[in-house]
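Okay, here's what each chain looks like letter by letter:
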Amino acid sequence: MSTPSTSPDLVVVGDASIDHYVQVPHLATSDNKAIGRYLGAFGGGMSANLAAAAATQGARTRLVTKVGTDREGPSELQALSDLGVDVTYSVQDATHRTWMCFVQLDSTGEKALIGADTGIKIPQRDEIDPSALHGARIVAPLADDLDWAARIAQSAVDGGAQVAIDLEPDAFGPDDPQLHQLLSLTEYVFLNTASAQKFHPHSHARAAAALHELGPGTVVVGRGEQGAYCSLADGSTVTAHAPAGVPVVDTTGAGDALAGSFLAGVLQGRSPEACLRTAVANATACITRVGSRTYLTEPAPAPSTTEPLTIERTLR
Ligand SMILES: Nc1ncnc2c1ncn2[C@@H]1O[C@H](COP(=O)(O)OP(=O)(O)OP(=O)(O)O)[C@@H](O)[C@H]1O
Ligand SMILES: [Mg+2]
């Protein structure tokens, strides 16, 4: 893992997990069991996935994460490095295992995910070398521990960078002052449908409008099979309709692929339409494979019945 000669444009600070997949006949629910087939361990983690998506889209990207010195951790960092992510500021901990997830997948692509925090999901503040953020144009902290994320966001803003976050529905309450503090520092916010519903129960457009009021200039809502929606603070919007007929195998990490690819486009000075088009294309590729980054290392299946992705832009 060599040190890159240029400073990164995007610094992602957060998690890298090992995802264990089991193909099950049905998803196990409360007081129920599902015995299935082990499909293997795959690199995952929202931050690692986002960084990998951005790097493979050509953005100079650094990931500051924390893994164990177990068998999986160092090889995980190597795999990310092989995808072009600078991992030289990532931390290894000999006393804990790399954090992991257990994913049940049924034959329809439906999933249930259990995260097992091993105590080192993210690097602590004092483990992050302050020079890791130097020169960054965008910093993307994992928005899981909101206070931790807001502190990193503040350092990023103080250093002249913009902040990007991806809000998972379980990680926040819409009225939480800590969330509002983080959003006041944030320029790019990504949400899925469940997260958007926390800001408006029926309308992703109104959810985006509510988010603009709290700070972010760009709001991107991942809408699953419906595609994605991008709202800009000037009132213009971009809607991407996902191609129909895509074989859905595993949607884990699709939102991370969307966010990382979108940010790479932003850093390359591309238009919101171009950013969203590439982002949805990569998220679509992601869901055709087991594992949240497999689409980056294995060629996509030949297009068959899929229809083209379409984009609509409205200007205020
Ligand atoms: N079932 C699906 N069919 C077609 N496209 C999908 C589907 N699920 C996800 N996508 C694509 O992936 C993008 C992100 O999806 P979504 O917002 O639902 O992910 P997410 O819930 O954030 O996923 P994760 O948190 O696991 O990364 C969507 O905008 C869409 O382009
Ligand atoms: Mg998501």
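Heads up: the structure comes first, above all this text.
Please read all numbers here as calculations on a predicted model, not as lab measurements.

1. Comments concerning the nonpolar core
Then comes step 1: One finds L10, I138, F190, F262, L263 and L276 to be the most contacted residues of the largest nonpolar core, which totals 41 residues.
Then comes step 2: A per-element tally of this core places helix α7 (residues 254–267) first, with 7 residues.
Then comes step 3: Every residue in contact with F190, bar those within four places of it in the chain, is listed here: A164, I165, D166, L167, V220, A259, F262 and L263.
Then comes step 4: Core analysis: the next-biggest nonpolar cluster, separate from the first, contains 37 residues, V13, L133, L185 and A208 among them.

2. Here's the deal with the site of ligand 1
Then comes step 1: Among the 20 residues in the neighbourhood of ligand 1, the closest are listed as E168, N192, G227, G253 and G255.
Then comes step 2: Within the contact set of ligand 1, an oxygen atom lies 3.0 Å away from a side-chain nitrogen or oxygen of N192.
Then comes step 3: Burial of ligand 1 by the protein amounts to 85% of the accessible area it has alone, namely 640 Å².
Then comes step 4: Of all the elements in the fold, those that place two or more residues in the shell around ligand 1 are α7 and α8 (272–286).
Then comes step 5: Looking at which element gives the most residues to the shell around ligand 1, the answer is α7, with 4 residues.
Then comes step 6: Classifying every residue of the shell around ligand 1 by side-chain character gives 7 nonpolar, 8 polar and 5 charged.

3. What to know about the sheet that holds strand β2 (residues 17–23)
Then comes step 1: If you trace the 4 strands from one edge of the open sheet to the other, you get β3-β2-β8-β9, paired in mixed fashion. Pairing within the sheet leaves two strands with one partner each, and these edge strands are β3 (37–44) and β9 (111–116). Neighbouring strand axes in the sheet, compared pairwise and without regard to direction, differ in orientation by 20° on average.
Then comes step 2: As paired strands, strand β8 (residues 100–105) and β9 are joined by 6 bridges and run antiparallel to one another. Bridging from a neighbouring strand, V103 pairs with L113 of β9.
Then comes step 3: Packed on one face of the sheet, helix α2 (residues 72–82) meets β2 and β3 and runs near 100° to β2.

Calculation rules
- Residues numbered from 1 in each chain as written.
- Chains lettered and ligands numbered in written order.
- Predicted model: local features only at pLDDT ≥ 70, side-chain atom pairs only at ≥ 80, totals over all residues.
- Heavy atoms only, no water.
- Core = buried A, V, L, I, M, F, W, Y, C linked by side-chain atoms within 4.5 Å.
- Buried < 20%, exposed > 50% of the residue type's maximum accessible area, 1.4 Å probe, protein only.
- Helix = DSSP H or I, 4+ residues; strand = E, 2+ residues; numbered from the N terminus.
- Contact = heavy atoms within 4.5 Å.
- Near = heavy atom within 4 Å.
- Polar contact = N/O pair within 3.5 Å; in protein donor to acceptor, adjacent residues only side chain to side chain.
- Areas by Shrake-Rupley, 256 points an atom, 1.4 Å probe, with all protein chains shown as cover.
- Nonpolar A, V, L, I, M, F, W, Y, C, P; charged D, E, K, R; others polar.
- Pairing = 2+ DSSP bridges.
- Axes fitted to C-alpha atoms, helices over the stretch in contact; angles between N-to-C directions.

Taken by themselves, the reported measurements are silent on function.
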